[in-house]
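# A closer look at the structure
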Amino acid sequence: MKILLCGKGGSGKSTIAALLAKNLQVEGYRVLVVDADESNFGLGVQLGLGDPVELMDQVGGKSAVKSRMGVSRGDGHKFPVFTETWRIDDIPLECLSKEGDLCLLQIGKIRHYSEGCACPMGVLSKDFICNLLLDSNDIAVIDTEAGVEHLGRDVAAGADLILGIIDPSYESIRLSEKISAMAEECNKPVLFIINKVEKTFADRLLAKIGKDRVIGIIPFSGLVQEKGFLGEPLDASSLDVSSVIEVICRIQRGQDFMHN
Ligand SMILES: Nc1ncnc2c1ncn2[C@@H]1O[C@H](COP(=O)(O)OP(=O)(O)OP(=O)(O)O)[C@@H](O)[C@H]1O
Ligand SMILES: [Mg+2]
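This write-up is about the structure you can find in this document.

What follows deals with the site of ligand 1. The full set close to ligand 1 counts 21 residues, and Lys13, Thr15, Asn40, Asn195 and Ser221 are the nearest of them. Ser14 is positioned with one of its side-chain polar atoms (N or O) 2.9 Å from an oxygen atom of ligand 1. Within the side chain of Asn195, an N or O atom sits 2.9 Å from a nitrogen atom of ligand 1. Isolated, ligand 1 exposes 630 Å² of accessible area, and the fraction of that covered by the protein chains is 82%. Mapped onto the shell around ligand 1, the elements with two or more residues apiece are α1 (13-26), β7 (190-197) and α9 (222-230). Its residues assigned to classes, the shell around ligand 1 shows 5 nonpolar, 12 polar and 4 charged.

A few words on the side chain of Gln46. The residue Gln46 is located in helix α2 (residues 43-47) in this model. Residue classification places Gln46 among the buried positions, given a relative accessible area of 16%. Within the structure, Gln46 has its side chain in polar contact with the side chain of Thr15 (distance 2.9 Å).

Okay, the packing of aromatic side chains next. Scanning the entire structure with this criterion turns up 1 aromatic pair. Just above the ring of Phe41 sits the side chain of Lys109; from NZ or CZ to the centre is 5.7 Å.

The phi torsion at Asn187 lies on the positive side, around 55°, for a residue other than glycine. Considering the arrangement of structural elements, one finds Asn187 in the loop between α7 (170-185) and β7. With a relative accessible area of 58%, Asn187 lands in the exposed category.

With 47 residues, the main nonpolar core has Leu32, Leu55, Leu105, Phe128 and Ile179 as its most contacted residues. Residues within four places of Leu55 in sequence aside, it is in contact with Phe82, Trp86, Cys95, Leu105, Gln106, Ile107, Leu124 and Phe128. Residues Ala17, Ala18, Leu43 and Leu102 belong to the second largest nonpolar core, which totals 37 residues.

This brings us to α7. End to end, α7 covers 23 Å across 16 residues, agreeing with the expected 22 Å (1.5 Å per residue, within 8%). Residues of α7 that are buried make contact with β1 (2-7), α6 (149-152), β6 (161-166), β7 and α8 (199-209). Among the residues trailing α7, Asn187 stands out with phi positive, at a value near 55°.

Once that is clear, we can look at the pairing of β6. Here is the key point about a regular strand: its side chains alternate between the two faces of the sheet. Buried residues dominate β6, accounting for 6 of its 6 residues. Going residue by residue along β6, you find Leu161, Leu163 and Ile165 tucked away on one face and Ile162, Gly164 and Ile166 tucked away on the opposite face as well. With 5 bridges connecting them, β1 and β6 associate as parallel partners. If you follow Cys6 over to β6, its bridge partner there is Gly164.

Here the focus is the environment of Ile166. In this fold, Ile166 is placed in strand β6. Overall, the relative accessible area of 1% leaves Ile166 in the buried class. Residues Ile166 and Lys8, 158 residues apart in the sequence, show an inter-C-alpha distance of 7.1 Å. The residues touching Ile166, leaving out its near neighbours within four places in the chain, are Ser172, Ser176, Phe192, Ile193, Ile194, Asn195, Leu205 and Ile209.

This part is about the packing of α1 against helix α10 (residues 242-252). Direction vectors running N to C along α1 and α10 enclose 60°, while the axes themselves pass 10 Å from each other. By the criterion of interaxial angle, the relationship of α1 to α10 is oblique. The two elements α1 and α10 cross, and the hand of that crossing is right-handed. Contacts between α1 and α10 pair Leu20, Asn23 and Leu24 from the former with Val244, Ile245, Ile248 and Cys249 from the latter. Classifying every residue of the contact of α1 with α10 by side-chain character gives 6 nonpolar, 1 polar and no charged.

Here is what the cut-offs are and how they apply
- Residues numbered from 1 in each chain as written.
- Chains lettered and ligands numbered in written order.
- Predicted model: local features only at pLDDT ≥ 70, side-chain atom pairs only at ≥ 80, totals over all residues.
- Heavy atoms only, no water.
- Near = heavy atom within 4 Å.
- Polar contact = N/O pair within 3.5 Å; in protein donor to acceptor, adjacent residues only side chain to side chain.
- Areas by Shrake-Rupley, 256 points an atom, 1.4 Å probe, with all protein chains shown as cover.
- Helix = DSSP H or I, 4+ residues; strand = E, 2+ residues; numbered from the N terminus.
- Nonpolar A, V, L, I, M, F, W, Y, C, P; charged D, E, K, R; others polar.
- Buried < 20%, exposed > 50% of the residue type's maximum accessible area, 1.4 Å probe, protein only.
- Phe/Tyr/Trp six-rings, centres within 6.5 Å; stacked < 30°, edge-to-face > 60°.
- Lys NZ or Arg CZ within 6 Å of the ring centre and 35° of its normal.
- Core = buried A, V, L, I, M, F, W, Y, C linked by side-chain atoms within 4.5 Å.
- Contact = heavy atoms within 4.5 Å.
- Expected span 1.5 Å × (residues − 1).
- Pairing = 2+ DSSP bridges.
- Axes fitted to C-alpha atoms, helices over the stretch in contact; angles between N-to-C directions.
- Parallel < 35°, antiparallel > 145°, perpendicular 65-115°, else oblique.
- Left-handed = near helix turned anticlockwise from the far one by under 90°.

Function cannot be read off these values alone, since they describe shape.
In C-alpha cells:
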C-alpha cells in the first residue's frame, strides 16, 4: 500500500509520517518513506536517518526531468522519467538511507534562489510513485509539502490512500474539505488524522469532519515539541498512533477498505 500524507503547513505531516513508518516497521513491515516535500529538510532527522542522494540528482537533475516532461510512454500515459516499474530492491542504494527495514528516499529539494518552479519534483514524485511496485510486506509512506499543490499536480495518481492531517484550526478544516473533494475527483479513498488536539477540541473537530473518516486523534505532546525544537529523532512510542496503525494493517491485509 502507498499512503500519501497531506495537510496544512505545520499540521504534523512529517511527524506523523515518521511515527507511522517506525510503528509499521515494529509491526514487521518493510517501510519506504518517500520525502516528496521540495522545501523542508526535517524528515530525515525525525526518522533518525541521514539524507540520501536525491532521486532528482540520480536521474540527471531538474533540467533532465524538465526536458522529458510531457513525453508520452506510447500508450497515452505520460511517464517521462521511468519507462519500467521497479521494486524497493531496485532503487539505487545511494538513494536510500536505511536502518533495518526502514528506508528513506528523497525526491529532491529546492536549493537555489531563482532556480525555477518545482514542477519537475512533482512530475518525478508522481512518476516514481506510479511505477513503484510493492510486495505484500512493503508499505510506502509519502510525505508531501504543505497544501494541495501536489494534488493539483496529480501526485496521488499512484497512491492507494490519501491521509489528511488536521490540526485544530479553521484553515485546516477548510483544507480537509478541499482534500476530500480532490480525493473524490481522483477516485482515491481519504481518511483523516486529527493532530495536536486537546480533548474538547477533538470532539468539535470530529463533529465537523465526520467520525467515520477520522482514524486517529493525537494529542499535543510537549516531548514531541521538544524533539522538534532540538532536531532529535522520534521513537515509535513518541506518540500513540496505534489506532492508525491498526487501520493501515487491516487495509494492507485486505480485510477492510474504508472508502470516502
Ligand atoms: N502531536 C504533536 N505534539 C506536539 N508537537 C507536534 C505534534 N505534531 C507535530 N508537532 C510539532 O509541530 C511542528 C510541525 O510538525 P511537522 O513538521 O511534522 O509538520 P508538517 O505538517 O510536516 O509541516 P510542513 O508543512 O512545514 O512540512 C514540529 O515542530 C513538530 O515537532
Ligand atoms: Mg513536513
